[in-house]
Amino acid sequence: MARMSYISSVERYNEYEQIIHSLLESILMSIDDGIANNRDVRYLTKHYPFLELQYCLDEKGSQQGNNVCFKRAYNKKLAQRGNNQDLSERPYFLNVKACNAICFTAPYISIATNHLCISAIKELNKPINNQHYSVVDVSLTQLIEFVMGDTARATMSPYFKAGYGIIVACLFSLVLFLLNIVFIDIYELITHVNSSSDPLEPFSIIIYITLALAVFDLGKTILEEEILMHKDIFRHSSTRRTITRFISTVLIAISIEALLTMFKAALGQSEYLMPAIAMMLAVVGLLIALAIYVYLGAKAETLLTQARVKLKSSE
């Protein structure tokens, strides 16, 4: 599955804003002597993987010294940049000048990293070398994953996607195999149209087409849900969507098979009548169960959302 989308990151940020601010405040307190040294960088990188940049400003908002990069991917790009950069118009600097307290920005797209991030700024207790303010930029997506205890799963996400990719490739290969059988059977049916053949032979072709459709739809669902789209596993709606799409695929396949079996029974093969009725009843049962599941799931999520809103408003 894809990593957290920007919309989900902002929603989670609004939900855990106080916890996030407290965490960033403690990080700023740990580097209260200006630019972080190598020991601080190693420690902070190990324990707080969401950190991206740290730098200091003077009283006028001019950056003092180059950026301190916490991620190796940015070292060559950003480590030797930033000195004397004018940041006096940045919102976090204007806010800290106005209130003289630790300030935090709203989520924004960083010019330096092109990622969704937030910045925290704090006035240093003992300014050194004209460094009066310490600023930390963090990746909001990774910060949310850290707060929610989802860092390990997010790190393994590329491997999960690779596994799902192999499964999807196998399913699509099976679709091609089934379609090959369909094309061969259609060709034989057309070329032997004048010879005496089983009137039910076209139904076997339809069965293969139905199987190919069901397998293709299953592979498409896995591809979209687990590889291309972000699925917030902490929201019931995401899991409910995946289950609904999977059951819908099964329902379509069973419905077509039941219809074909009913046609066979209508053409004189009465032994197919009871299996056709059983499959139709199974389709009805699955539809009812799916409707109940979707209704109860949506109602439960609504109640949870209302409870969170009440808890937040009471705080």
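Residues numbered from 1 in each chain as written. Predicted model: local features only at pLDDT ≥ 70, side-chain atom pairs only at ≥ 80, totals over all residues. Heavy atoms only, no water.

**Q** Sorry, what's going on with the packing of aromatic side chains here?
**A** By convention here, two paired aromatic rings are described through the distance between centres and the angle between planes. The final tally for this structure, using the stated rule, is five aromatic pairs. Grouping aromatic residues by their ring pairs yields a cluster made of Tyr-48, Phe-50 and Phe-146. (Phe/Tyr/Trp six-rings, centres within 6.5 Å; stacked < 30°, edge-to-face > 60°.)

**Q** Would you mind going over the UniProt feature "transmembrane region" (unreviewed entry) in the protein chain with me for this structure?
**A** Following the UniProt record, the feature "transmembrane region" (unreviewed entry) maps to residues 162–183, 203–223, 243–266 and 272–296 here. Taken end to end, residues 162–183 comprises 100% helix and 0% strand; its first and last C-alpha atoms sit 31 Å apart. Split by type, residues 203–223 is 100% helix and 0% strand. Its first and last C-alpha atoms lie 30 Å apart. (UniProt positions renumbered as here; feature names shortened; annotations may be inferred. Helix = DSSP H or I, 4+ residues; strand = E, 2+ residues; numbered from the N terminus.)

**Q** Quick question: what am I supposed to make of the pattern of salt bridges here?
**A** For side chains of opposite charge, pairing can occur when their charged atoms come near one another. This structure, assessed with the given rule, holds four salt bridges. In this structure, Glu-15 engages Arg-12 in a salt bridge whose closest nitrogen and oxygen atoms are separated by 3.2 Å. Within this pair, Glu-15 and its partner Arg-12 are both found in helix H1 (residues 6–15), separated by three residues, close to a single helical turn. With a closest N to O distance of 3.2 Å, Arg-245 and Glu-225 form a salt bridge. Placement of Arg-245 in helix H9 (residues 236–266) and of Glu-225 in helix H8 (residues 201–228) is noted, with a sequence separation of 20 residues between them. According to the relative accessible area criterion, Arg-245 is partly exposed, its value standing at 23%. Classification of Glu-225 as buried rests on a relative accessible area of 1%. A cluster of three or more residues bridged by salt bridges with shared partners is formed by Lys-220, Glu-224, Glu-225 and Arg-245. (Salt bridge = Lys/Arg side-chain N within 4 Å of Asp/Glu carboxyl O. Buried < 20%, exposed > 50% of the residue type's maximum accessible area, 1.4 Å probe, protein only.)

**Q** Got a minute to help me understand a nonpolar patch on the surface in this structure?
**A** Taken together, Val-284, Ile-288, Ile-292, Tyr-295 and Leu-296 make up a surface patch of nonpolar side chains, about 500 Å² in accessible area. By the secondary structure assignment, Leu-296 is in helix H10 (residues 273–314). (Patch = residues over 30% accessible without salt bridge, like charges linked within 9 Å, V, L, I, M, F, W, Y side chains within 5 Å. Areas by Shrake-Rupley, 256 points an atom, 1.4 Å probe, with all protein chains shown as cover.)

**Q** Would you explain helix H7 (residues 151–191) in this entry?
**A** Each α-helix winds once per 3.6 residues, and so residues spaced three or four apart point in a common direction. In a regular helix each residue adds 1.5 Å, so 41 residues correspond to 60 Å; H7 covers 60 Å between its end C-alpha atoms and thus fits that length. At Ser-157, H7 shows its maximal kink, close to 45°; a proline, Pro-158, follows between one and four residues later. Residues of H7 that are buried include every one of Arg-153, Ala-154, Ser-157, Val-168, Leu-171, Val-175, Leu-178, Ile-181, Val-182 and Asp-185, and no others. Its buried side turned inward, H7 meets helix H6 (140–147) and H8. (Expected span 1.5 Å × (residues − 1). Bend = angle between axes of the 7 residues up to and from the residue. Contact = heavy atoms within 4.5 Å.)

**Q** I would appreciate a short explanation of the side chain of Thr-105 in the present structure.
**A** With respect to the helices and strands, the residue Thr-105 is situated in the loop between strand S3 (103–104) and strand S4 (108–109). Among the polar contacts made by the side chain of Thr-105, one reaches the main-chain amide nitrogen of Ser-119 at a distance of 2.9 Å. Once residues within four sequence positions are removed from consideration, Thr-105 is found in contact with Tyr-13, Tyr-92, Ile-118 and Ser-119. (Polar contact = N/O pair within 3.5 Å; in protein donor to acceptor, adjacent residues only side chain to side chain.)

**Q** Explanation requested: the state of the cysteines in the structure shown.
**A** Throughout this description, disulfide means a covalent bond between two cysteine sulfur atoms. Here the structure, examined in full by the defined rule, presents zero disulfides. You can see Cys-103 has no disulfide; the closest cysteine sulfur is in Cys-99, sitting 3.2 Å from it. Exposure remark for Cys-103: the relative accessible area of 7% places this residue in the buried category. (Disulfide = S-S within 2.5 Å.)

**Q** What should I look at first to understand the pairing of strand S6 (residues 131–139) in this one?
**A** Along any regular strand, the residues point their side chains to alternate faces of the sheet. Buried residues dominate S6, accounting for nine of its nine residues. Bridge analysis of strand S1 (residues 51–57) against S6 gives six bridges, and the strand direction is antiparallel. Within S6, the residue paired with Cys-56 across the bridge is Ser-134. For strand S5 (residues 116–128) and S6, the ladder comprises eight bridges, and the chain directions are antiparallel. In the strand pairing of S6, Glu-123 is matched with Tyr-133. (Pairing = 2+ DSSP bridges.)

**Q** When you look at the environment of Ser-255 in this model, what are you seeing that I'm missing?
**A** Tracing the chain through its elements places Ser-255 in helix H9. Distance in space between the C-alpha atoms of Ser-255 and Met-279 is 7.4 Å, their sequence separation being 24 residues.

**Q** Help me out: how do you make sense of the packing of H1 against helix H2 (residues 17–30) in this one?
**A** Think of two packed helices as two axes; the pair is described by the angle between the axes and how far apart they sit. Two elements in contact, H1 and H2, have axes separated by 5 Å at closest approach and are oriented at 85°. Overall, the two elements H1 and H2 adopt an arrangement that is roughly perpendicular. Contacts between H1 and H2 pair Tyr-13, Asn-14 and Glu-15 from the former with Glu-17, Ile-20 and His-21 from the latter. Its residues assigned to classes, the contact of H1 with H2 comprises two nonpolar, two polar and two charged. (Axes fitted to C-alpha atoms, helices over the stretch in contact; angles between N-to-C directions. Parallel < 35°, antiparallel > 145°, perpendicular 65-115°, else oblique. Nonpolar A, V, L, I, M, F, W, Y, C, P; charged D, E, K, R; others polar.)

**Q** So what exactly am I meant to see when it comes to the packing of H2 against H6 here?
**A** Put simply, H2 and H6 touch, their axes get as near as 11 Å, and they point 100° apart. Classified by the angle between their axes, H2 and H6 sit roughly perpendicular to one another. Side by side, H2 and H6 meet where Ile-19, Ile-20 and Leu-23 of the first sit next to Leu-143, Ile-144, Phe-146 and Val-147 of the second.

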